[in-house]
Amino acid sequence: MSDTQAPIPSLAERVRSVDAAASVVGVHFLGATPVFVLGEEVLLFAGDDEHRVVAHAGAILASACDGKRIITGGDDGKLIETGSDGQNRVLASDEKRRWIDQVALGPDGAVAWSAGKIAHVLTKKGEDRTFETPSTVAGLCFAPKGFRLAIAHYNGATLWFPNTGAAPERLEWKGSHLGVTISPDGKFLITCMQEPMLHGWRLADGKHMRMSGYSARVRSLDWTAGGDFLATSGSEQLILWPFDGKDGPMGRQPKILARAEVRVTVVACHPRQPVVAVGYADGAVKLVRVDDDAVILVRAADGEPVSALGWDSAGQILAFGTESSAAGILAL
Amino acid sequence: MPTPDTASKIPVTVLTGYLGAGKTTLLNRILSEPHGKKFAVIVNEFGEIGIDNELVVNADEEVFEMNNGCICCTVRGDLVRIIDGLMRRKGKFDAIIVETTGLADPAPVAQTFFMDEAVGAKTKLDAVVTVADAKWLTDRLKDAPEAKNQIAFADVILLNKTDLVTPAELRELEERIRGLNPYARLHRTERAKIDIGEVLGRNAFDLDRILTIEPDFLAGEDHYHHAHDDHGHDHGAHHHGNGLKHYHDEEMQSVALRTDKPLNPDKFFPWIQDLVAKDGPSILRCKGILSFKDDPERFVFQGVHMILDGDHQRPWHADEARDSRIVFIGRNLPEDKIRQGFESCIA
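Every chain is numbered on its own, with residues counted from 1 as its sequence reads. As a convention, the first chain written is A and the first ligand written is 1, with the rest following in written order. A pLDDT threshold of at least 70 governs which residues receive local features in this predicted model, and a stricter bar of 80 or more applies before side-chain atom pairs are shown or counted, although totals over entire chains, interfaces and linings include all residues.

### Focus on the overall build of chain B
(1) Moving on: Helix numbering and strand numbering both begin at the N terminus, where a helix is a DSSP run of H or I of at least 4 residues and a strand a DSSP run of E of at least 2. On a plain count of helices and strands, chain B comes out with nine helices and 14 strands.
(2) Moving on: Each residue is classified by how many other C-beta atoms fall within 10 Å of its C-beta atom, where C-beta atoms are placed from the backbone; a count of 20 or more means buried, 12 or fewer means exposed, and values in between mean partly exposed. Out of the 347 residues belonging to chain B, those deemed buried represent 43%.

Put into structure tokens, the structure is as follows:
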């Protein structure tokens, strides 16, 4: 456990500050260029030549990135693709202007999104396939292998195979599921629930796992490099559930690191090292080493909750943003 | 529970009312009047609002049970998502209005603000406003449990379309409403015409605003809350001896408790928690001001079904009677059991 009395080493003076001038809701990297997704309308390209690209006529509700393009869904009912040149194009429009509030990118270039109870997949070949869920889609994620889309909804999750006529696989668990992720080895599907807990299924046999003990709803999840741990927000510590064995976290305790007075709001795992960037409700950003809980300060607390964190694919640059309008970039 | 710093939170007004009562008319009126305020509006799928407003969101009214074994702990799942999305446009609106369908139960909407931490941190429930149709309410109270629920749950009731009934019919209707809910502010309206200050910014769920617990009695025509001659005075004082008939609804009623003896907090809290745990499904709303033994501060609480929210409010004033008062509004309430339980909490 870290000693909170001793000052922790800091990289804060090496952070390049960015004035986002609006609430930051996401951050992605197009190559080495950090791009902040703002609460309304704009993607802020924060490379050497800082500029803003208008993507939506209203709130930006969801975003995903594969390193080459950013996909965003908005309350204008549009699904927008923005490339590293800042050019954007409309991939889809909802005819009733319903909110597009979930998006996901697949390993082979497919795009998924949802409006209300309809999940869509735009395949690599440009075919739009749809699937209707019994209640509003609350989370989307592609499986790492095979063409499968996981959909979170009320009373469980569904695995849909957009390219085949195979019946969707329903994973049931009572309650409202508000987000979904699949482990990098494809063996486990985990949802965040309305209650302060996660629910999981081992896909091979449907065995349930319940991960609880949080002080708030879990809103941020990420897999550590190699998929050994699932890092989560929602508590006054960084909670890491072990997924390195065939049983995942069943019968095991989570690793509890980086204790603080305030809640963890966002987590982002380093793409190569066992290191997690952690953002807190008081504005602090820390780097936490999974093996020994060594902590380095990236941003000092200022009272504004951290709302976005992201690494470039090489793990050389970390970018963060807050609910107010502060943002920053740290090159390691 | 939401944090107490309510000043920066966006107020949310819930508009209910049976089909055709005039909810949409009221909503259009609120949106079109020149008050300088901007609203984000969450309407049900079938609603039609005549005002062009980019901050109108269609909702599906998804009522979700919480996974905690409690059947009355339900939230509006759609609101959890919509409010999260709307807050990305913070600064573009001053308040949120949620219009429910005519058949909706207001409780899941209200509970969303207490059960979801993220929603409760950014928004606060202001009041439940129910529009009732003067011509048809009597029939609906007989055949539509939803309509009765909406009246019993309300903080503000607009008895609308008063031009379609006689003065005697109106009087009788008001008495029926009072039999279900003596505590809501009751206004007579035609075409939902009302000063929007009577509908918005009520702070009905704000613990700091629980000042007195007095029925909002019918105080005779002179003191009645007509939409245009009453500017928010409290007429709680003039309510005796006007010879009103009392309607007692057999199913839905209110139970008011009062004592001038101080309560023992070590007995009171276990009692109220046990009561709402067991009878929460029947208790729609409750509210209380309490005087605990050897405690210089007033304790206030309010609740919806099994959810209770309470805190010390302020020191008792020297000239104030240190009475404890509680009111429950609900369905088939076990009145004797509640009264005995309350009396056993006296220190």
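Having put the structure on the table, let's press on.
### Concerning the overall build of chain A
(1) Moving on: Across its full length, chain A holds zero helices and 29 strands.
(2) Moving on: Scaling as 2.2 N^0.38, a compact globule of 332 residues should have a C-alpha radius of gyration of about 20 Å, and chain A matches this with 19 Å.
(3) Moving on: If one aligns the C-alpha atoms of chain A with their principal axes, the spans along those axes are about 60 × 50 × 30 Å.
(4) Moving on: Looking at chain A as a whole, 52% of its 332 residues qualify as buried.
(5) Moving on: Of the contacts made within chain A by residues no fewer than 6 positions apart, 43% connect residues no fewer than 24 positions apart. We compute the radius of gyration over the C-alpha atoms and compare it with the globule rule, which gives 2.2 Å times the number of residues raised to the power 0.38. The contact criterion used here is simple: two residues whose C-beta atoms, placed from the backbone, lie within 7 Å are in contact.

### Examining helix H8 (residues 265–279) of chain B
An α-helical turn contains 3.6 residues, so any two residues separated by three or four positions project in the same direction.
Residues and elements named next belong to chain B.
(1) Moving on: In a helix, the anticipated span is given by 1.5 Å times the number of residues less one. Over its 15 residues, H8 runs 20 Å from end to end, which matches the ideal 21 Å to within 8%, given 1.5 Å per residue.
(2) Moving on: Among all positions of H8, only Phe268, Ile272, Leu275 and Val276 are buried. The arc enclosing the buried residues of H8, seen along the axis, measures out at 90 degrees, which places them on a common side. Pointing more than 90 degrees away from the buried face of H8 are the exposed residues Asp266, Pro270, Gln273, Asp274 and Ala277.
(3) Moving on: Where H8 is buried, its residues contact strand E11 (283–291), strand E12 (297–304), strand E13 (307–315) and helix H9 (335–343). The arc in question is traced by the directions running from the helix axis to the C-beta atoms.

### Comments concerning the domain arrangement of chain B
Residue and element names in this part refer to chain B.
(1) Moving on: With domains assigned, chain B is organised as domain 1 (10–223) and domain 2 (252–343).
(2) Moving on: Taking only C-alpha atoms into account, the centre of domain 1 sits 25 Å from that of domain 2.
(3) Moving on: Taken together, the contact between domain 1 and domain 2 spans 21 residues of the former and 20 residues of the latter.
(4) Moving on: Breaking the side of domain 1 that touches domain 2 down by element, the ones donating at least two residues are helix H3 (106–115) and helix H6 (145–153). Domains are outlined according to an automatic or database domain assignment.

### Some remarks on the sheet that holds strand E7 (residues 78–83) of chain A
All names here are of chain A.
(1) Moving on: Here, strands pair whenever DSSP counts at least two bridges between them. Ordered in space as E2-E3-E4-E5-E6-E7-E8, the seven strands form an open sheet in which the pairing is antiparallel. Edge positions in the open sheet fall to strand E2 (24–30) and strand E8 (88–93), since each of these has one partner strand only. On average, adjacent strands in this sheet sit at an angle of 40 degrees to one another, irrespective of strand direction.
(2) Moving on: The pairing of strand E3 (residues 33–38) with strand E4 (residues 40–45) spans three bridges and is classified as antiparallel. Residue pairing for E4: Phe36 is matched across the bridge by Leu44. The axes used here are C-alpha line fits, helices contributing only the stretch in contact, and every angle between their N-to-C directions lies in the interval 0 to 180 degrees.

### Observations regarding the interface of chain B and chain A
(1) Moving on: Between chain B and chain A, the contact holds 18 residues from the first and 25 residues from the second.
(2) Moving on: Counting residues per element, the side of chain B that touches chain A draws most heavily on helix H2 (residues 77–86) of chain B, which supplies five residues.
(3) Moving on: Side-chain classes are defined by residue name, with Ala, Val, Leu, Ile, Met, Phe, Trp, Tyr, Cys and Pro counting as nonpolar, Asp, Glu, Lys and Arg as charged, and the others, Gly among them, as polar. Taken together, the residues of the side of chain B that touches chain A sort by class into five nonpolar, five polar and eight charged.

### Thoughts on the sheet that holds strand E27 (residues 306–311) of chain A
Residues and elements named next belong to chain A.
(1) Moving on: Across the sheet, four strands lie side by side as E1-E29-E28-E27; this open sheet has antiparallel pairing. The open sheet is flanked by strand E1 (16–19) and E27, the only strands paired with a single partner. Averaged over all pairs of adjacent strands, the angle between strand axes in this sheet comes to 20 degrees, irrespective of strand direction.

### Comments concerning the confidence of the model for chain B
Residues and elements named next belong to chain B.
(1) Moving on: Within a predicted model, pLDDT stands for the predictor's per-residue confidence, ranging from 0 to 100. Residues with a pLDDT of 70 or more make up 86% of chain B, whose mean pLDDT is 86.
(2) Moving on: Of all the helices and strands in chain B, strand E3 (residues 56–59) carries the lowest mean pLDDT, 87, while strand E8 (residues 156–160) carries the highest, 97.
(3) Moving on: Below pLDDT 50 for its whole length, residues 219–244 participates in 25 contacts with residues either more than four positions away or in separate chains.
(4) Moving on: Reported confidences for the modelled complex are a pTM of 0.90 and an ipTM of 0.91.

### Let's talk about the environment of Ser291 of chain B
Residue and element names in this part refer to chain B.
(1) Moving on: Residue position: Ser291 is located in strand E11.
(2) Moving on: You can call Ser291 buried: it has 22 C-beta atoms within 10 Å.
(3) Moving on: Along the sequence, Ser291 and Ala204 sit 87 residues apart, while their C-alpha atoms lie 21 Å from each other.
(4) Moving on: In this structure, Ser291 is in contact with Pro262, Leu263, Arg298, Trp316, Arg322, Asp323 and Ser324, ignoring residues within four places of it in sequence.

### Re the nonpolar core
(1) Moving on: Each nonpolar core reported here comprises buried Ala, Val, Leu, Ile, Met, Phe, Trp, Tyr and Cys residues connected via C-beta atoms within 7 Å. Core analysis: the largest hydrophobic core is formed by 107 residues, its most contacted members being Val35, Phe36, Ala112, Leu140, Leu238 and Val276 of chain A.
(2) Moving on: Apart from residues lying up to four places away in sequence, Leu140 of chain A is in contact with Gln102, Val103, Ala104, Ala112, Ser114, Ala119, Leu149, Ile151 and Val180 of chain A.
(3) Moving on: With 91 residues, the next largest nonpolar core counts Val41, Met66, Leu79 and Val109 of chain B among its residues.

### Focus: unusual backbone geometry
Residues and elements named next belong to chain A.
(1) Moving on: The backbone phi angle of Ala21 is positive, close to 60 degrees, even though this residue is not glycine.
(2) Moving on: Mapped onto the elements of the fold, Ala21 is located in the loop between E1 and E2.
(3) Moving on: The phi dihedral of Asp293 falls on the positive side, at around 60 degrees, and the residue is not glycine.
(4) Moving on: Position of Asp293 among the secondary structure elements: in the loop between strand E25 (285–289) and strand E26 (295–299).
(5) Moving on: Classification of Asp293 as partly exposed rests on a count of 16 C-beta atoms within 10 Å.

### Section: the pairing of strand E7 (residues 123–133) of chain B
Residues and elements named next belong to chain B.
(1) Moving on: Of all eleven residues that make up E7, eleven are buried, and the element is covered over most of its length.
(2) Moving on: Direction of pairing for strand E1 (residues 10–17) relative to E7: parallel, over a ladder of eight bridges. Among the inter-strand pairings, Thr13 is bridged to a residue of E7, identified as Ala127.

### Focus: the environment of Leu290 of chain B
Residues and elements named next belong to chain B.
(1) Moving on: Mapped onto the elements, Leu290 comes out in strand E11.
(2) Moving on: Using a count of 25 C-beta atoms within 10 Å as the deciding quantity, one classes Leu290 as buried.
(3) Moving on: The spatial distance from the C-alpha of Leu290 to the C-alpha of Lys122 is 28 Å, given a sequence separation of 168 residues.
(4) Moving on: Beyond its immediate chain neighbours, meaning those up to four positions away, Leu290 contacts Leu263, Phe268, Phe299 and Ser324.

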